[in-house]
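# Observations on the three-dimensional arrangement
If you want the building blocks of each chain, they are given just below.
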Amino acid sequence: MSEGQHINVEHDINIHLENKGVSRRFFVYLFIMYTVVYMTKNCFSGALADIVKEGILTKSQTGLITAVFYIVYAPLQIVGGIVADKVSPELMIKIGLLGGALANAVIFFNQNYYVMLITWTLNAVVQFALWPSTFKIISSQLCRSDKSYMIFFMSLAASLGLLLTYAVAAVLPSWEYNFLVSALSLLVLAVVLHFYDRHLGFYMKPDAPIKTEAGSTVSYSGRSFGLFMRSGLFLLLIPVLVRSFVGQGIKTLAPTMLMETYGVDPSVGNLLNTLIIISGVSGTLLVKLVLYPRYIKNPVVGALIMLSIALALLAALAFVPGLWVTFLLLCLSAIVTTAPSLFMSYFYSGYSKYGKNGAAAGIGNAAGSVGIVITSYVIVKIAELYDWQAVKLVWLISVAVSVVCLAVLLPLNSRFKRREAERESQAAAQSTEA
């Protein structure tokens, strides 16, 4: 009998891979898949400067399409996180890929404003569990000895996907082709996953109870809400939201900001924006290759340091003029606003021992999605009604609030960890006595 032959990856849950080669190859697929998915979700951002220049839509109309996507997508991430803990994450990913392919194809063939608005909203619905399911797989189903590195590499996917958005937009003859490329890419990924899942079934094994370092079986008898409240997850959501809309704004609105403030051509702005996005990727590399866990062992401390530096850079951005100084500050700000996302992912992965990692990632992604709504509509509207200086001041004040929240979260989370360690030690002692 072949190893794991009775396991149906698209049906069974609480399963995992122990074969490192198979696990790592599947991770490569997941990394490519989510990079492309993130690219497709930002099609309108990549086309924004061209759409505005051609007079097809206003900034606020284009922003509203993206904003409605995330208004719907954000609360559904919480549902998606719960579903990812209870339903096959591979199945939910396939549904999201096929739905996304269809939505992008519709927009390629029909650029009516209301058709685009409705189609992009339905795209948000069908992708509700895609990220929580992806996080569930990398933090639970793949080889757990590789988990730290897989979370690190996956945290690069969003920045690379965004970079791909602007790189593709820069070379395509018209902005509508962004959606054709996206539709075809998502369809191919769905077909590959369909056949890949059948291959994985032969290597999957059912989960055994997870053991703590003290040797006891992990259990959590309380509700998820209580767990997340006591551990500080809900307080973390404010910095997650702020990091999202400030970081996303820096990496998606820069071409329009540079065009309207300094007269930079949209294509040149998109090219400069790729350097800003690459800077964001270097922030993630800085965290994993230098800071964590060598010098910074607590994810909350790491996020606090990065956003404190961001606060200083945004203060300079708000008050120091000049095209190239602005561009440099945007690059540096991209580094320190992207880096906290990796620390936050490590924070979510800590809930794997309770079987709540999908839910934690879904809740966190919901907050991040609200941040994108703020970027896509509120921040764009502020720029339209006032100017980009007002946007910079909003970013500055918001990051200051997030720094305060992280300072409060740090002792709260440390207290929770101490109590959990004591509980596990007591459970281990009682197990030994029995």
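Here the structure is shown first, and the text comes after it.
These remarks concern the structure in this document. (Residues numbered from 1 in each chain as written. Predicted model: local features only at pLDDT ≥ 70, side-chain atom pairs only at ≥ 80, totals over all residues. Heavy atoms only, no water.)

### Structural notes on the packing of helix H4 (residues 89–109) against helix H8 (residues 177–200)
It is the contact of H4 with H8, at a shortest axis distance of 8 Å, that shows an interaxial angle of 155°. One way to sum up the angle between H4 and H8 is to call them roughly antiparallel. Pair H4 / H8 crosses with left-handed handedness. Contacts between H4 and H8 involve Glu90, Ile93, Lys94, Leu97, Leu98, Gly100, Ala101, Asn104, Ala105, Ile107 and Phe108 on the former and, on the latter, Tyr177, Phe179, Leu180, Ser182, Ala183, Leu186, Leu187, Leu189, Ala190, Leu193, His194 and Asp197. Of the residues belonging to the contact of H4 with H8, the class tally is 16 nonpolar, four polar and three charged. (Axes fitted to C-alpha atoms, helices over the stretch in contact; angles between N-to-C directions. Helix = DSSP H or I, 4+ residues; strand = E, 2+ residues; numbered from the N terminus. Parallel < 35°, antiparallel > 145°, perpendicular 65-115°, else oblique. Left-handed = near helix turned anticlockwise from the far one by under 90°. Contact = heavy atoms within 4.5 Å. Nonpolar A, V, L, I, M, F, W, Y, C, P; charged D, E, K, R; others polar.)

### Quick look at the nonpolar core
Counting residues in hydrophobic clusters, the biggest one holds 131 residues, and the most contacted among them are Leu30, Met33, Leu97 and Trp395. Those residues in contact with Met33 that sit more than four places away from it in its chain are Ile93, Leu97, Leu130, Thr134 and Leu189. (Core = buried A, V, L, I, M, F, W, Y, C linked by side-chain atoms within 4.5 Å. Buried < 20%, exposed > 50% of the residue type's maximum accessible area, 1.4 Å probe, protein only.)

### Side note on unusual backbone geometry
Residues Tyr292 and Pro293 are joined by a peptide bond in cis, for which omega reads 0°. Along the chain, the position of Pro293 falls in the loop between helix H12 (266–291) and helix H13 (299–319).

### Considering helix H5 (residues 113–126)
Compared with the 20 Å implied by 1.5 Å per residue over 14 residues, the 20 Å span of H5 between its first and last C-alpha is a close match. Of the residues making up H5, those classed as buried are Tyr113, Met116, Leu117, Thr119, Trp120, Thr121, Asn123 and Ala124. In this structure Asn112 caps H5, since a side-chain oxygen of it lies 2.9 Å from the backbone nitrogen of Tyr114. (Expected span 1.5 Å × (residues − 1). Polar contact = N/O pair within 3.5 Å; in protein donor to acceptor, adjacent residues only side chain to side chain.)

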